[in-house]
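Letter by letter, the chains look like this.
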Amino acid sequence: MAQTQGAYYVPHGSHWPIVGSIGLFSTVIGAANLINGGHGLTAAPLMYLGLAIIVFMMFGWFGTVIRESLSGIYNNQVDVSFRMGMMWFIFSEVMFFAAFFGALFYARMYSVPWVGGEGHGGLTNYYLWQGYTPSWPTNGPGDIGGSFETIPAWHLPLINTLLLLSSGVTITFAHHALRAGHRRALLVWLAATIGFGVTFLYFQATEYMEAYQHLNLTLGSGIYGSTFFMLTGFHGMHVTLGAIMLTVMWFRCAKGHFTRENHFGFEAVAWYWHFVDVVWLGLFVFVYVL
Amino acid sequence: MAHAAVHDDHHDAHDHKPQGFLHRWLFTTNHKDIGTLYLVFALVMFLTGGSMAMIIRAELFQPGMQLVQPEFFNEMTTVHALVMIFGAVMPAFVGLGNWMIPLQVGAPDMALPRMNNWSFWILPFAFTLLISSLFMPGAGPQGGWTLYPPLSLQGGNSVAFVIFAIHMMGISSIMGAINIIATILNMRAPGMDLLKMPIFVWSWLITAFLLIAVMPVLAGAVTMLLTDKYFGTSFFNAAGGGDPVMFQHIFWFFGHPEVYIMILPAFGIVSEIIPTFARKPLFGYQAMIYAIASIAFLSFIVWAHHMFTVGMPLGGELYFMYATMLIAIPTGVKVFNWVTTMWEGSMTFETPMLFAIAFVILFTIGGFSGLMLAIVPADFQYHDTYFVVAHFHYVLVTGAIFAIMASVYYWLPKWCGNMYSERWGKIHFWMSVISVNVLFFPQHFLGLAGMPRRIPDYNVAFADFNMVSSIGGFWFGASQLLFVGVVIHAVYFSKNRATSRVWEGARGLEWTVPSPAPHHTFSEPPKIDNSMLAHGDVTH
Ligand code: HEM
Ligand SMILES: [Cu+2]
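Draft legend 1. Local environment of the overall build of chain A. The helix and strand tally for chain A stands at eight helices and zero strands. The principal-axis extents of the C-alpha atoms in chain A amount to approximately 75 × 45 × 45 Å. Relative to all contacts within chain A whose residues are 6 or more apart in sequence, the contacts with residues 24 or more apart total 72%. A total accessible area of about 13600 Å² is found for chain A, and carbon and sulfur atoms account for 69% of it. Distance from the positive charge centre (9 side chains) to the negative charge centre (11 side chains) of chain A: 20 Å.

Draft legend 2. Spatial organisation of the site of ligand 1. Residue and element names in this part refer to chain B. Not every one of the 22 residues close to ligand 1 is listed here, only the nearest: Trp145, Asp379, His383, His391 and Arg453. Within the side chain of His383, an N or O atom sits 2.7 Å from an oxygen atom of ligand 1. Elements with a minimum of two residues in the shell around ligand 1: helix 7 (244-261), helix 12 (351-374) and helix 14 (386-416). Considering every element that reaches the shell around ligand 1, the biggest residue donor is helix 12, with six residues. For the shell around ligand 1, the residue count by class is 13 nonpolar, seven polar and two charged.

Draft legend 3. Quick look at the nonpolar core. Ranked by internal contacts, the top residues of the largest apolar core, which has 284 residues, are B:Phe86, B:Phe127, B:Leu264, B:Trp338 and B:Phe359. It is helix 6 (residues 199-230) of chain B that provides the largest number of residues to this core, a total of 23 residues. Two domains each provide a minimum of three residues to this core, namely domain 1 (12-73) and domain 2 (76-110 + 146-289) of chain A. Among residues more than four places away in sequence, those in contact with B:Phe359 are B:Ile263, B:Ala266, B:Phe267, B:Val270, B:Trp338, B:Thr364, B:Thr398, B:Gly399, B:Ala400 and B:Ala403. Core analysis: the next-biggest nonpolar cluster, separate from the first, contains five residues, B:Leu373, B:Tyr382, B:Phe387 and B:Val388 among them.

Draft legend 4. A look at the coordination of the iron atom of ligand 1. Residues and elements named next belong to chain B. Looking at the protein side alone, the iron atom of ligand 1 has one donor only, His391 (NE2), at 2.1 Å. In this model, the iron atom of ligand 1 sits 4.5 Å from the copper ion (ligand 2). Along the polypeptide, His391 turns up in helix 14.

Draft legend 5. How the structure looks around the domain arrangement of chain A. If you check the domain split of chain A, you get domain 1 (12-73) and domain 2 (76-110 + 146-289). For domain 1 of chain A versus domain 2 of chain A, the separation of C-alpha centres amounts to 24 Å.

Draft legend 6. The side chain of B:Thr521, seen in detail. Residues and elements named next belong to chain B. Take Thr521: it is sitting in the segment after helix 16 (463-493). A polar atom in the side chain of Thr521 sits 2.7 Å from the side chain of Lys32. Those residues in contact with Thr521, other than ones at most four positions away along the chain, are His31, Lys32, Leu103, Ala107, Pro108 and Val513.

Draft legend 7. The side chain of B:Thr78, seen in detail. Residue and element names in this part refer to chain B. Looking at the element boundaries, Thr78 is found in helix 3 (residues 70-105). The class of Thr78 is buried, set by a relative accessible area of 0%. For Thr78, the side chain forms a polar contact with the main-chain oxygen of Asn74, separated by 2.8 Å. Aside from chain neighbours lying at most four places away, what touches Thr78 is Pro141, Gln142, Gly143, Gly144 and Trp145.

Draft legend 8. Representation of the pattern of salt bridges within the structure. According to the stated counting rule, one finds eight salt bridges over all chains in the structure shown. The closest approach of N and O atoms between B:Arg453 and B:Asp384, which form a salt bridge, is 3.7 Å. A residue pair is termed long-range when its members are at least 10 positions apart, and B:Arg453 in the loop between helix 15 (422-448) and helix 16 and B:Asp384 in the loop between helix 13 (376-382) and helix 14 qualify at 69 residues. What makes B:Arg453 buried here is its relative accessible area of 15%. In this structure B:Asp384 comes out as partly exposed when scored by relative accessible area, which is 36%. Each of the salt bridges in this network shares a partner with another, and the network as a whole consists of A:Asp79, A:Arg83 and A:Glu267.

About the cut-offs
Residues numbered from 1 in each chain as written. Chains lettered and ligands numbered in written order. Predicted model: local features only at pLDDT ≥ 70, side-chain atom pairs only at ≥ 80, totals over all residues. Heavy atoms only, no water. Helix = DSSP H or I, 4+ residues; strand = E, 2+ residues; numbered from the N terminus. Contact = heavy atoms within 4.5 Å. Areas by Shrake-Rupley, 256 points an atom, 1.4 Å probe, with all protein chains shown as cover. Lys, Arg positive; Asp, Glu negative; His and termini not counted. Charge placed at Lys NZ, Arg CZ, Asp CG, Glu CD. Near = heavy atom within 4 Å. Polar contact = N/O pair within 3.5 Å; in protein donor to acceptor, adjacent residues only side chain to side chain. Nonpolar A, V, L, I, M, F, W, Y, C, P; charged D, E, K, R; others polar. Core = buried A, V, L, I, M, F, W, Y, C linked by side-chain atoms within 4.5 Å. Buried < 20%, exposed > 50% of the residue type's maximum accessible area, 1.4 Å probe, protein only. Domains from an automatic or database assignment. Donors = N, O, S within 2.8 Å, 3.2 Å for Na, K, Ca; no water. Salt bridge = Lys/Arg side-chain N within 4 Å of Asp/Glu carboxyl O.

Laid out in structure tokens, this is it:
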């Protein structure tokens, strides 16, 4: 049932969206020129300018929303709209990762066995890739990128799993502290969460360096390298974003933006963090362990 | 674009609109303004994509190479489809949703008005990017809208631009869909129960779910294309253990729900219009909702019917064949209910109704050809021929586009306060409905005879039907200029003022506000009494 409490708040016009579009436009033009081998101002500089505009837009837009929220003009209905917005946004992110997990499963279950001659792939194997025995990990019958080794699951990845799981616990403690009105505990638990996140990223970077420098495992290492780096890379980008959002929340908590009842911004970031956490569990199992 | 601006004088005093043209349209958070922006944008894209179609039909007028280079021909088929799908049909539906959903559920605006603005204002930039790719070194995209690798990766600089343009369209669609879901679930006036909502609102609720579920998958697919081309990954490279067919699976996991994204809101529109002009309640309201929901569910599990000829295992062919055929059941329920709604109704045939009836008949033809394509052994023959082209143009042009036309004629008086010219509306209808069949019906025969799609030249055996089809094409294209004329006339020149109900048989909250709808409506939630609603007396 729809609920209406008082008149609904309809914001006045805003210039932030168009600023955001200009930022997005500049970013992608710059990026496209860059990867097409461009050098001048319309390549990397344009991309960075665009990213800067997007960051500027986010400060401005979220700043406006925060000011409006603090001045108390939002009612319960606005709050529910924000919640739904965040939930469905996270769902869309889940589907984005699903595409890459789908690619991983398809490669492992179908395309690699087929080029290896299994199932109905006999002729493909005979005519095109004779002598290739399917296995996983693989960089394919063409040995794309040269032979490589993989990251063992039970070292850094295991530590990273524990780090992220712990961060899921600490953010819940932080939420409880917020609801109980204990700001000091809130700040400590939140800082711990950020700390776990940053440590995770540090280990992830170490792992990438190890892969590139010692294991010859790169983005170009056939289908294994592709799925490995795209999945863990996009996940790492989400952890980075999540850590930035947590940091913003830390400052907002310190400034006393949130009340015991009213702290949607915090909750949205917590949901996002849990989502990042769950994706990692999928990665740990399907990319590292199995 | 300025059309609403000229009615300032009709509006009540409490209507405060931002001053200044740019300020108003760039910064707007008003669902009606944003709806208008979407609709105008969709019309511009419809004409742009339409001009490309004219080039295609001109080249195909006769066998042999006539006018354009093969590369340019391929660019035209690719960009025509992308523009029509992502620039015309989808934004038109989002524009209709923006205008009508708040009015139909008694909400003051969309749930997230600022994000609503952003959803729209990404699109002009995205399409600038897409269309500019035609002028780039190494030419524009030529691999077809389905972007199959390895062909699509063999383009020049444009590949990156096209992919980023698709990312931007996806961001826009996802934000638009989130907004629509939040509006429907959170903003209904008290008393507007889910099972009293207009069918158009229901169809959009389900469509928005499809959008959020599959646009990110498309984003993933094109991202893999990007990294395969520019960063050395091997997703679609068999030598590296990947598979070009994998792209097709991921693409069509998006692609089949996508075709339903383009038709479910059309179902909703037709289910609004037919009861109004048959002066009877919609037959089987709840069955219609269940049918939409089951079509949406099935659309996730039939994708590989686009890939019967790629060499799937037999079990896969059989599964996807039978699953696809299941869709005919809920679709049949809908067609049955539309026909039954008209049965013994006291019907009148104003332009919206004409388009809606044409929709029912011609969309059904498209559904039948779809069933033929779903039969695996038959599809081995039809795949990648003009039969497929005929199929999807029946469901998309006489389906989606006709429903959009119908809805514009139906709701335009509510938007601008004036009636359109019924005589010119009818002329537009008859010109369109005849020419569209001249255009697309012969393509069935061409396909059955074996003419492949996406080629600029063909065997002389196909000459006659191609010429007929091209004549139909030019005729249909020219007829759409009438539509532009009818709309401009209604908005700026018509002296025939609309009442708030507009149509005698119309039911629903949108008809309780004045025509034109004031800039802000339902600032206080309306008191709903069931007799105002089309489906107010549904018992459950
Ligand atoms: C009863 C319902 C339907 C069935 C059984 C059906 C079946 C099919 C099949 C089997 C194909 C693949 C043909 C081939 O490439 O060989 C196809 C293609 C297509 N269908 Fe449908 N279809 C149905 C309804 C629709 C609807 C409602 C739409 C859109 C509004 C649609 C849009 C398309 C498009 C765009 C293509 C071609 C895509 C491409 O290859 O570019 N179909 N359909
Ligand atoms: Cu399909």
